[in-house]
Amino acid sequence: MNEKEFGFETEAIRTQLERTQYLEHSVPLYLTSSFVFEDAEDMRASFADEKDRNIYSRYSNPNNNEFVEKVCKMEGAESGFAFASGMAAVYSTLAALLNSGDHVVSASSIFGATHSLFINYFPKWGIETSYFDINKPETIESFIKPNTKILFAESPTNPAVDIIDLELLGDIAKKHDLILIIDNCFATPYLQQPIKWGAHLVVHSATKLMDGQGRVLGGITVGTIELIQKIYLFSRLTGPSLSPFNAWVLSKSLETLAIRLDRHCENALKVAEFLEQHPSVNKVKYPFLKSHPQYEIAQKQMKAGGNIVAFEIKGGIEAGRAFLDKIKLCSLSPNLGDTRTIVTHPASTTHSKLSVEERLAVSITDGLVRVSVGLETVKDVIADLEQALA
């Protein structure tokens, strides 16, 4: 059977390292810091990059290689590199490609830690960032300068679950010869493949839905061979690589990604539909609700709506805090993409250091609540949310 005929689930399960002499069915852990050489010439050729082989686990490791290969197949990418966390992936990807004097155009609705890199750290190295409103994509090109190098966005966004047209971003990047980087964490490659729409690089926090059980940290960047080689060379020097143990866990987790996401999405849609009818809720955002302002775009580029539901509770910050205090079954945690449903109130927690104006600029109202819908019996999740809203 031709390899290209395999489906998503088959690739996730059957992409494995070659078996050892022990003919194991499940891939073993390679907990080793380094690898040995046959002789002096083998060692010389390996360090001269004349051989494609493992040398040191900061550079590569069999478990990391398997994890990367799986994600590359899922995303339709040529190559990739695995990192110790999602933010290690974001930082290393950007730092490897940007030079002093470069300019980034980014969506304003991005993860808070990424935003901090752009405004607090990159300016120290002469790298400037301009933000565009994700709800005004027609303005994107007005921010592009002669020194613009990267176009950056995430879709769906964290935490407001806004959607941006990836095809539009791909067209803009091609027109202006920019590197398009998409954070695909909320969708995963099962629901959305940004490379299809013109992205050059795709970044994930594997800690979230890829792991799916809140066990390990991890990150990954996949994309073109040329760009990944630059990221690899930077990363083998700076040392943010993923541990082999975490890579082993994550590779195993990818085997069930599709079936987990199917249930996550099914549950999330039911939660969103419940919240949309609740009298204590002003509005609900979920990509596959027809009321979502970018519903048609989500339908075009996503297989399903994901597991994140954002809703605005009436009463602002105090109402949001009171809601959290009444939660019984669901978890209060900064994580997402877990088997367990997690609720977060960004205005009083993750984004509390921003001013009201800054929060509103990225669609975070005082009453916004983010729900990462898990795999519990959905009526139990809805019952918990209902009693907390009462």
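Source: prediction; values computed, not measured. (Residues numbered from 1 in each chain as written. Predicted model: local features only at pLDDT ≥ 70, side-chain atom pairs only at ≥ 80, totals over all residues. Heavy atoms only, no water.)

A.B. asks: Could you give an account of unusual backbone geometry, with specific residues and numbers?
C.D. replies: Of note, the bond from serine 155 into proline 156 is cis; its omega dihedral lies within 30 degrees of zero at -5 degrees. Note on placement: proline 156 falls in the loop between strand S4 (148–154) and helix H6 (166–176). For the bond running from asparagine 158 to proline 159, omega is 10 degrees, close enough to zero to count as cis. The topology assignment puts proline 159 in the loop between S4 and H6. Unusually for a residue other than glycine, valine 161 sits at a positive phi of about 60 degrees. Among the secondary structure elements, valine 161 is positioned in the loop between S4 and H6. Residue valine 161 is classed as buried on the basis of its relative accessible area, which comes to 1%. (Helix = DSSP H or I, 4+ residues; strand = E, 2+ residues; numbered from the N terminus. Buried < 20%, exposed > 50% of the residue type's maximum accessible area, 1.4 Å probe, protein only.)

A.B. asks: Give a description of the domain arrangement of the protein that names residues and reports values.
C.D. replies: It is common to report an interface's size as the accessible area lost on association of the parts. Domain assignment breaks the protein into domain 1 (8–253) and domain 2 (257–389). Using C-alpha coordinates to define each centre, domain 1 is positioned 26 Å away from domain 2. Taken residue by residue, the interface counts 34 residues in domain 1 and 37 residues in domain 2. Carbon and sulfur atoms supply 59% of the area buried between domain 1 and domain 2, which totals about 3,100 Å² over both sides. Taken together, the connections running from domain 1 to domain 2 amount to three salt bridges. Residue lysine 300 is joined to glutamate 167 by a salt bridge in which the shortest nitrogen-to-oxygen separation is 3.0 Å. Here domain 1 and domain 2 share 19 residue pairs in polar contact (both at pLDDT 80 or more) between them. Of all elements in the fold, only helix H1 (8–14), H6 and helix H7 (188–191) reach the threshold of two or more residues within the side of domain 1 that touches domain 2. In terms of residues, the side of domain 1 that touches domain 2 owes the most to one element, H7, which gives three residues. (Domains from an automatic or database assignment. Contact = heavy atoms within 4.5 Å. Buried area = accessible area lost by both parts, 1.4 Å probe. Salt bridge = Lys/Arg side-chain N within 4 Å of Asp/Glu carboxyl O. Polar contact = N/O pair within 3.5 Å; in protein donor to acceptor, adjacent residues only side chain to side chain.)

A.B. asks: Could you give an account of the pattern of salt bridges, naming the residues involved and the relevant values?
C.D. replies: Inspection of the entire model under this criterion finds 21 salt bridges. The closest approach of N and O atoms between glutamate 11 and lysine 73, which form a salt bridge, is 3.5 Å. Taken as a pair, glutamate 11 in helix H1 and lysine 73 in helix H3 (residues 62–75) lie far apart in primary sequence, 62 residues in all. Under the relative-accessibility criterion, lysine 73 is labelled partly exposed at 30%.

A.B. asks: A description of the packing of H3 against helix H9 (residues 244–254) should follow, citing residues and the corresponding values.
C.D. replies: At a minimum axis distance of 8 Å, the contact between H3 and H9 shows a crossing angle of 35 degrees. The two elements H3 and H9 meet at a crossing, and its hand is left-handed. Note on element contacts: H9 touches H3 through Pro244, Ala247, Trp248, Leu250, Ser251 and Leu254, opposite Asn63, Asn64, Glu66, Phe67, Lys70, Val71 and Met74. Among the residues making up the contact of H3 with H9, the classes are represented as eight nonpolar, three polar and two charged. (Axes fitted to C-alpha atoms, helices over the stretch in contact; angles between N-to-C directions. Left-handed = near helix turned anticlockwise from the far one by under 90°. Nonpolar A, V, L, I, M, F, W, Y, C, P; charged D, E, K, R; others polar.)

A.B. asks: I'd like a description of the environment of leucine 94, backed by residues and values.
C.D. replies: For leucine 94, the location among the structural elements is in helix H4 (residues 86–97). Spatially, the C-alpha atoms of leucine 94 and arginine 321 are 36 Å apart, while their sequence positions differ by 227 residues. If near-sequence neighbours (up to four positions away) are discounted, leucine 94 is found in contact with Phe118, Phe122, Ile150, Phe152 and Ile181.

A.B. asks: Go over the packing of aromatic side chains, please, and point to the residues and values.
C.D. replies: In the structure shown here, the tally under the stated rule is 13 aromatic pairs. With a centroid separation of 5.9 Å and 45 degrees between ring planes, the pair formed by phenylalanine 37 and phenylalanine 47 is classed as tilted. Placement of phenylalanine 37 in the loop between H1 and helix H2 (40–47) and of phenylalanine 47 in helix H2 is noted, with a sequence separation of 10 residues between them. Each ring, one from phenylalanine 81 and one from phenylalanine 83, has its centre 5.0 Å from the other, and the planes form 70 degrees; the classification is edge-to-face. (Phe/Tyr/Trp six-rings, centres within 6.5 Å; stacked < 30°, edge-to-face > 60°.)

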